[in-house]
Amino acid sequence: MGAAGQFDGPQQPKQQPGPPVHLHSVPAHGAASQSPHPQQQPLQQQTPQQTSQQQQVASQQPLSNPHSQQRSVKRPRPVKSCTECRKRKLRCDRLCPCSQCQKSNRACKYAADADGQPESDASDVEVSEPGRPPKRNCPPGTTPSATSNVGDLSSLAAVAAAAKNGDASGLPLLEELSLRMERLEKQVLVRSPAVTDLSAGRVVAATADTIRGLSVKNGAKRTRFFGQGSSRIIFNLFDDAKAFIHQHRTIAGGREVLSDFRAAHHFLHDHYAKALTPISVYVDSMMPIQKRMTDILPPKSTCDRLVASYVDSSETIYRILHIPSFMDQYNLYWSGRQQSEFFLPQLLAVLSTASRFETKSKGILHERVEGVHNPTSCALIRSWLDSLKGKQRVEFESLQVEVLLLHAQRMVTQRTNELWAQLGYVVRNAMSMGLHRDSSEFGPRMTIFQGELRRRLWYTIMDMDVHLSIALNMPTTMREGDFTCRPPRNLDDVELFEGMRELPPTKPIDQVTDNQLQVYGAMTLPARMKVAYLVNNIDSIRDYQEVLDVGIKLDGFLEDINHLFPRQGILNDTQKNKMWRSRVILDMHVRRPLLALYRSLAMGTPDAPSQITRAHLRSSMVILKYLDEIDPRHSFFDIIAAMYHQMLKHDIVQAALSVCYYIQLSHRSVDNMMGGHPGQSPEYGGDNYPQYKPEKLSIWSPERLISTVEKSIEILIRHASGNDTKDLLTLALVLESVRKPDPRAEEIVHGLYGVLDLLLRSANTTLDKVRSVSPREAFSPDGYMHGHPQMSNPAAAAQYFGGWLIWDGWD
C-alpha cells in the first residue's frame with residue numbers, strides 16, 4: 001500500500017519515536033489549553049503595537065521562565081502542525097521530525113511563514129530585516145539524512161546549547177544554519193530521483209549471514225573474510241541443505257558420503273599440490289637466472305604456437321604488450337641477438353599463460369615438449385623481479401612483467417585473496433611511476449608512443465583491480481576521480497611506433513581493431529567501479545533507485561555488446577570462434593558486476609523489485625549457457641571449454657547456486673516465482689542473450705533450471721582440480737535439496753554419491769583407492785573419526801564437516 005493509502009485518516013501512530021532534542025522549551029500553558037482548531041477562534045481587534053508586544057512576551061516567556069503564567073489575551077494561534085500532516089489532514093505530535101513523517105520516511109517541514117499568521121519574534125523596538133524569514137521552533141528538514149550533511153556540527157551544537165540555556169544571542173546563527181540545511185535538502189532532493197514504484201520505501205537489508213562472513217580459528221588469531229559471492233555465504237540461503245549437514249549423524253549414509261567426499265578432496269588436493277610444486281632443479285640452481293629461464297623454454301615451433309595463441313586469446317581486454325615490439329624482440333632472440341633484459345621474463349610469462357589452454361598437461365606437468373611448467377616459470381619470474389635494483393623497478397618493461405606474472409598466476413592459483421594483495425602492490429607501483437596521471441600532463445618529455453602504451457597498461461591494471469575486488473567483496477584500490485589518465489584509443493598496434501609525432505584519430509567503437517575490447521571495457525569501467533563501492537556498502541543503501549540506476553546502465557552496455565559482435569552473417573568457423581570469445585569476454589566483464597550488484601538484494605531481500613530478481617536470474621542463466629552457442633563437434637571446442645572453465649569457474653559456481661535459489665522459490669510460490677506460468681519457457685536464444693527486456697521474458701520451468709545446473713556440474717567435474725571439491729559438494733548438496741519440494745534424505749545421499757562417482761572417474765581413480773590413500777579419514781563403525789576425540793560430540797562433528805565444507809560457525 002502506498003503512502004496515500006496508509007494515511008487516509010487522522011490515526012495516532014502505534015509507536016512514538018524517542019524524545020527529540022528540542023531547541024526551545026515546552027509551549028506556554030495558555031497555548032496548550034487552546035482548542036486544537038485555531039481557525040475556529042474569533043479574531044481580536046488589536047492595534048499593531050499591542051499585537052507585537054503580546055507576541056514578544058509569548059516568544060520570550062518559555063526561554064526565561066517556563067513555569068510562568070501567560071497573559072490571558074486571546075490572539076490568533078499560529079499553526080503548529082508540519083506541512084505534510086496539514087496537507088494529509090493527519091494529527092501531528094509537533095515533534096521534529098513528527099511521528100507521522102518518521103513512520104512514512106518523509107522530510108518533516110514546518111511552514112516558514114506559518115501560513116500568514118501574524119507571528120513574529122521581533123519586539124516593537126527592533127526593525128525586522130526585509131529578507132529575513134521568521135523564526136521556527138524546529139529547523140526545516142531536520143531528518144536524520146538532512147542533519148548528517150551539515151558541515152559545522154560543532155557550531156550547531158553550540159547554538160543548540162545556547163538556546164537551551166536561554167541565551168538569545170545564538171539564535172541568529174541557528175537561523176542561518178537552519179536556512180543552510182533547508183537549501184542543502186532542496187539540492188539533495190533535486191539530484192536524487194524520487195522513489196518510484198520499483199523502489200518504494202527503504203531497502204530491507206538482507207540478513208548478515210547472506211552478505212558477508214568471517215572464518216575465525218585458533219582463538220581468533222587466524223581469520224579470513226568472505227564476501228557475498230562466496231559459496232560459504234550463498235549456502236546460508238538453503239535451509240534444507242544446512243539441515244542435512246547438521247543432522248548427517250542421524251541420516252543413513254550421510255556420515256559416509258561426507259567422509260568419502262573429504263577423502264576425495266584430500267586425495268585430489270595432494271595430487272594437485274604436487275603438480276603445482278616448482279621443479280627444484282631450476283628454482284634452486286645456482287646458475288644465473290637468465291640461463292635457467294632459457295633452459296626451461298620449449299622448442300621454437302612450440303613457442304611459435306603458444307605465442308600466437310596468447311596474442312589471439314589473452315591480449316584482448318587486458319592489453320599488456322605492444323605486439324609489434326614484442327615480436328621484434330622475439331625474432332631477435334631466436335636469431336641469437338637478444339637485446340632487452342626484460343624480454344625473456346616477458347616471453348616466459350606469455351608461454352605460461354598460453355600453456356594453460358593449448359596443452360594437454362594444462363601447464364602443470366613437467367614435460368617441456370608441448371609447453372612450459374607454469375609454477376616453475378612463475379617462480380623464476382618472481383625471483384628475477386626480486387633481484388631488480390631501484391632504478392630497474394620503475395622501468396616500464398618491469399611493470400609489464402609484473403602484470404604478465406599476475407595474469408599467469410591466475411591460471412593455476414586458487415587463492416584469489418593473495419592475487420588481490422599482490423595486485424595492490426602493482427597498482428601502487430604503477431602510481432609511483434605516474435601512470436595514474438595522463439601522459440599529456442608531462443609535456444614533450446613523454447613521447448606519444450610511450451604515452452599511449454602507458455594508458456593501455458593503466459586501464460588493464462584498473463580492470464584487474466575491479467574484477468578481483470568485486471570477486472572478494474572488497475573495495476577497489478582506486479575510485480573514479482582518483483586518476484586523470486585518459487582511456488586508450490581504438491587503434492591497431494601497427495599504427496603505434498617509436499618516433500611518431502601525433503596519435504591517429506580513434507576509430508569508431510564498432511570497427512574491429514587490436515584494441516577494440518579494451519576501449520569498450522574502458523567505457524564501462526566507471527559503472528563497474530561504482531558497483532564495487534555499492535556492493536561493499538550494500539547494507540547501508542537507503543532505497544533501490546541508486547542500485548537500479550547502475551543496473552540499467554550495465555544492461556545498456558550488454559545490449560551494445562550484441563550489436564558490436566552479432567551472431568548472424570559469420571560463415572567461417574574460425575571467425576565465429578573469435579567473435580564468440582570477444583563477445584563472451586566483454587559480456588562477462590559487464591555481467592559479473594551486474595550479478596554482484598543484484599545478488600544480495602535478489603536472494604536475501606523479501607521485497608526486492610521484480611526488475612532486480614528477473615535480471616539476476618536471467619544473467620545467471622546466461623553465464624551457464626555460454627557454451628550452448630558452440631558446436632561440440634568442432635575441433636576447437638575442448639580448448640574453448642577449458643578456457644571457459646578456467647576463467648569463469650567461480651562465476652559458474654555462483655550462477656548455479658543462484659539458479660538453485662530460484663528453483664527453491666518455484667517450489668514455495670504458488671504463482672511459480674515472479675508471475676510466470678508453470679512449464680513455460682522462452683524460445684532458444686531469448687533466455688541466453690540480453691537483447692530482450694527482462695520484464696517481457698517468460699520464466700523458466702523448474703525442470704529447465706535443474707537441467708541447466710546439472711550440465712554446469714558436469715563441466716565443473718570434467719575440468720576439476722584439487723581445490724574444486726568443496727564447491728562441487730556445496731553445489732551438488734544444494735541442488736539435491738531443492739530438486740523436489742520435500743527432499744528425502746536418502747535421495748540426497750544417492751545424488752551426492754552420483755556426483756562423487758563422476759568426479760573420481762574424471763580424476764581416473766576409484767573410491768577404494770581414495771580411501772586407502774587417506775588413512776586419516778578412516779571412520780569407526782559408529783561413523784566418527786579415529787584419533788579425533790572431539791568427534792564423539794554430534795555438534796562438534798557437524799562443525800568439523802561444516803568447517804571443511806562451507807562455514808566454520810554452523811554449530
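Residues numbered from 1 in each chain as written. Predicted model: local features only at pLDDT ≥ 70, side-chain atom pairs only at ≥ 80, totals over all residues. Heavy atoms only, no water.

### Looking at the overall build of the protein chain
(1) Moving on: Counting its secondary structure elements, the protein chain contains 31 helices and 2 strands.
(2) Moving on: Across the 811 residues in the protein chain, those meeting the buried criterion constitute 50%.
(3) Moving on: In the protein chain, the proportion of contacts linking residues at least 24 apart, taken out of those at least 6 apart, comes to 72%.
(4) Moving on: As presented, the protein chain carries roughly 39100 Å² of accessible surface, and 53% of it is formed by carbon and sulfur atoms. (Helix = DSSP H or I, 4+ residues; strand = E, 2+ residues; numbered from the N terminus. Buried < 20%, exposed > 50% of the residue type's maximum accessible area, 1.4 Å probe, protein only. Contact = heavy atoms within 4.5 Å. Areas by Shrake-Rupley, 256 points an atom, 1.4 Å probe, with all protein chains shown as cover.)

### Description of the pairing of strand E1 (residues 213-217)
(1) Moving on: Direction of pairing for E1 relative to strand E2 (residues 222-226): antiparallel, over a ladder of 5 bridges. Counterpart to Gly 213 in the pairing with E2 is Phe 226.
(2) Moving on: The turn joining E1 and E2, which pair antiparallel and follow one another in sequence, is formed by 4 residues; a positive phi near 55° is taken by Asn 218. (Pairing = 2+ DSSP bridges.)

### Observations regarding unusual backbone geometry
(1) Moving on: With an omega of 0°, the peptide bond running from Cys 96 to Pro 97 counts as cis.
(2) Moving on: Relative to the helices and strands, Pro 97 resides in the loop between helix H4 (83-88) and helix H5 (99-103).
(3) Moving on: The phi angle at Ala 220 is positive, at roughly 65°, despite the residue not being glycine.
(4) Moving on: By the secondary structure assignment, Ala 220 is in the loop between E1 and E2.
(5) Moving on: Positive phi is not limited to glycine here, since Asn 764 has a value of about 60°.
(6) Moving on: With respect to the helices, strands and loops of the structure, Asn 764 is situated in the loop between helix H29 (745-762) and helix H30 (767-773).

### Looking at the packing of aromatic side chains
(1) Moving on: Enumeration according to the criterion identifies 11 aromatic pairs in this entry.
(2) Moving on: Ring centres 5.7 Å apart and planes at 90° place the aromatic pair Phe 342 and Trp 384 in the edge-to-face group. Of this pair, Phe 342 sits in the loop between helix H15 (323-334) and helix H16 (343-358) while Trp 384 sits in helix H17 (residues 374-386), and the two are 42 residues apart along the sequence. Like Phe 342, the residue Trp 384 is buried in the burial classification.
(3) Moving on: Seen in terms of ring centroids, Tyr 520 and Phe 557 are 6.2 Å apart; in terms of plane orientation they differ by 85°. Their pairing is edge-to-face. (Phe/Tyr/Trp six-rings, centres within 6.5 Å; stacked < 30°, edge-to-face > 60°.)

### Details of the pattern of salt bridges
(1) Moving on: A full pass over the atoms with the stated rule returns 28 salt bridges.
(2) Moving on: Notably, a salt bridge pairs Arg 319 with Glu 315, separated by 2.7 Å at the nearest N-O pair. Per residue, the accessibility class of Arg 319 equals that of Glu 315, and both read buried.
(3) Moving on: Among the charged side chains, a network of salt bridges with common partners joins Glu 315, Arg 319, Arg 456 and Asp 493. (Salt bridge = Lys/Arg side-chain N within 4 Å of Asp/Glu carboxyl O.)

### Points about the UniProt feature "domain: Zn(2)-C6 fungal-type" (unreviewed entry) in the protein chain
(1) Moving on: Using the residue numbers shown here, the UniProt feature "domain: Zn(2)-C6 fungal-type" (unreviewed entry) corresponds to residues 81-110.
(2) Moving on: Split by type, residues 81-110 is 37% helix and 0% strand. Its first and last C-alpha atoms lie 7 Å apart. (UniProt positions renumbered as here; feature names shortened; annotations may be inferred.)

### Side note on the environment of Asn 473
(1) Moving on: If you trace the backbone, Asn 473 turns up in the loop between helix H21 (448-472) and helix H22 (516-536).
(2) Moving on: Residues Asn 473 and Phe 225, 248 residues apart in the sequence, show an inter-C-alpha distance of 9.1 Å.
(3) Moving on: Discounting residues that sit within four places of it in the chain, Asn 473 has contacts with Ile 211, Phe 225, Gly 227, Gln 228, Val 535 and Asn 536.

### Considerations on the state of the cysteines
(1) Moving on: What the rule picks out here adds up to 0 disulfides.
(2) Moving on: Its sulfur unpaired, Cys 82 is 3.4 Å from the next cysteine sulfur, which belongs to Cys 85. (Disulfide = S-S within 2.5 Å.)

### Comments concerning a nonpolar patch on the surface
(1) Moving on: Judged by side-chain polarity, Leu 214, Val 216 and Phe 225 come together as a nonpolar surface patch covering roughly 240 Å² of accessible area.
(2) Moving on: Position of Val 216 among the secondary structure elements: in strand E1. (Patch = residues over 30% accessible without salt bridge, like charges linked within 9 Å, V, L, I, M, F, W, Y side chains within 5 Å.)

### Comments concerning the packing of H21 against H22
(1) Moving on: With their axes 10 Å apart at the nearest point, H21 and H22 run at an angle of 40° to one another. Every pair of crossing elements has a handedness; the one defined by H21 and H22 is left-handed. Between H21 and H22, the contacting residues are Arg 456, Tyr 459, Thr 460, Met 462, Asp 463, Val 466 and Ile 470 on the first element and Gln 518, Ala 522, Leu 525, Arg 528, Met 529, Val 531 and Ala 532 on the second.
(2) Moving on: Residue composition of the contact of H21 with H22, by class: 9 nonpolar, 2 polar and 3 charged. (Axes fitted to C-alpha atoms, helices over the stretch in contact; angles between N-to-C directions. Left-handed = near helix turned anticlockwise from the far one by under 90°. Nonpolar A, V, L, I, M, F, W, Y, C, P; charged D, E, K, R; others polar.)

### Comments concerning the environment of Thr 460
(1) Moving on: Turning to its location among the elements, Thr 460 is positioned in helix H21.
(2) Moving on: For Thr 460, a relative accessible area of 0% corresponds to the buried category.
(3) Moving on: When the C-alpha atoms of Thr 460 and Gln 518 are compared, they prove to be 7.9 Å apart, with 58 residues separating the residues in sequence.
(4) Moving on: Residues in contact with Thr 460, not counting those within four places in the same chain, are Ile 317, Tyr 318, Arg 319, Ile 320, Val 403 and Gln 518.
(5) Moving on: Among the polar contacts made by the side chain of Thr 460, one reaches the main-chain carbonyl oxygen of Arg 456 at a distance of 3.0 Å. (Polar contact = N/O pair within 3.5 Å; in protein donor to acceptor, adjacent residues only side chain to side chain.)

### Considerations on the nonpolar core
(1) Moving on: Membership of the largest hydrophobic core comes to 168 residues, with the highest contact counts inside it found for Phe 238, Leu 347, Trp 458, Ile 461, Met 462, Tyr 626 and Leu 752.
(2) Moving on: Ranked by residues supplied to this core, first place goes to helix H26 (residues 637-668) with 15 residues.
(3) Moving on: Discounting chain neighbours no more than four positions away, the residues touching Trp 458 are Val 427, Ala 430, Met 431, Leu 435, His 436, Met 478, Phe 483 and Cys 485.
(4) Moving on: Residues Cys 82, Cys 92, Cys 101 and Tyr 110 belong to the second largest nonpolar core, which totals 9 residues. (Core = buried A, V, L, I, M, F, W, Y, C linked by side-chain atoms within 4.5 Å.)

### Considerations on the confidence of the model for the protein chain
(1) Moving on: The predicted model of the protein chain averages 75 in pLDDT, with 69% of residues at 70 or higher.
(2) Moving on: Taking the mean pLDDT of every element in the protein chain, the minimum, 37, falls on helix H2 (residues 29-32) and the maximum, 95, on H21.
(3) Moving on: Low pLDDT, under 50, characterises residues 190-201; the stretch is placed with 16 contacts to residues that sit more than four places away or in other chains.
(4) Moving on: pLDDT under 50 marks residues 776-811. Its contacts with residues more than four places away, or in other chains, come to 76 contacts. (pLDDT = per-residue confidence, 0-100.)

### Concerning the side chain of Ser 313
(1) Moving on: Within the secondary structure, Ser 313 is located in helix H14 (residues 300-313).
(2) Moving on: Excluding residues that lie within four positions of it along the chain, Ser 313 makes contacts with Arg 581, Ile 585 and Met 643.

### Some words on the packing of helix H11 (residues 254-275) against H29
(1) Moving on: Orientation of H11 relative to H29, taken along the N-to-C sense of each, is 20°, at an axis distance of 10 Å. When the axes of H11 and H29 are compared, the pair comes out roughly parallel. Once H11 is placed against H29, the crossing between them reads as left-handed. Across from Gly 254, Glu 256, Val 257, Asp 260, Phe 261, Ala 264 and Leu 268 in H11, the residues of H29 making contact are Val 749, Leu 752, Tyr 753, Val 755, Leu 756, Leu 759 and Leu 760. (Parallel < 35°, antiparallel > 145°, perpendicular 65-115°, else oblique.)

### Points about H29
(1) Moving on: Counted at 1.5 Å a residue, the expected span for H29 with its 18 residues is 26 Å, and the 26 Å between its end C-alpha atoms agrees.
(2) Moving on: Looking only at H29, the buried set comprises Ile 748, Val 749, Gly 751, Leu 752, Val 755, Leu 756, Leu 759 and Leu 760.
(3) Moving on: Backbone geometry just downstream of H29 places Asn 764 in the positive-phi region, at approximately 60°. (Expected span 1.5 Å × (residues − 1).)

### As for the environment of Val 770
(1) Moving on: Assignment of secondary structure puts Val 770 in helix H30.
(2) Moving on: The sequence separation of Val 770 and His 265 amounts to 505 residues, and the corresponding C-alpha distance is 9.2 Å.
(3) Moving on: If we ignore the near neighbours within four places in the chain, the residues touching Val 770 are Ala 263, Ala 264, Phe 267, Leu 760 and Thr 765.

### A look at helix H10 (residues 239-246)
(1) Moving on: Considered for burial, the residues of H10 that qualify are Ala 241, Lys 242, Phe 244 and Ile 245. Taken down its axis, H10 places every buried residue within 155° of arc, on the same side. (Arc of directions from axis to C-beta.)

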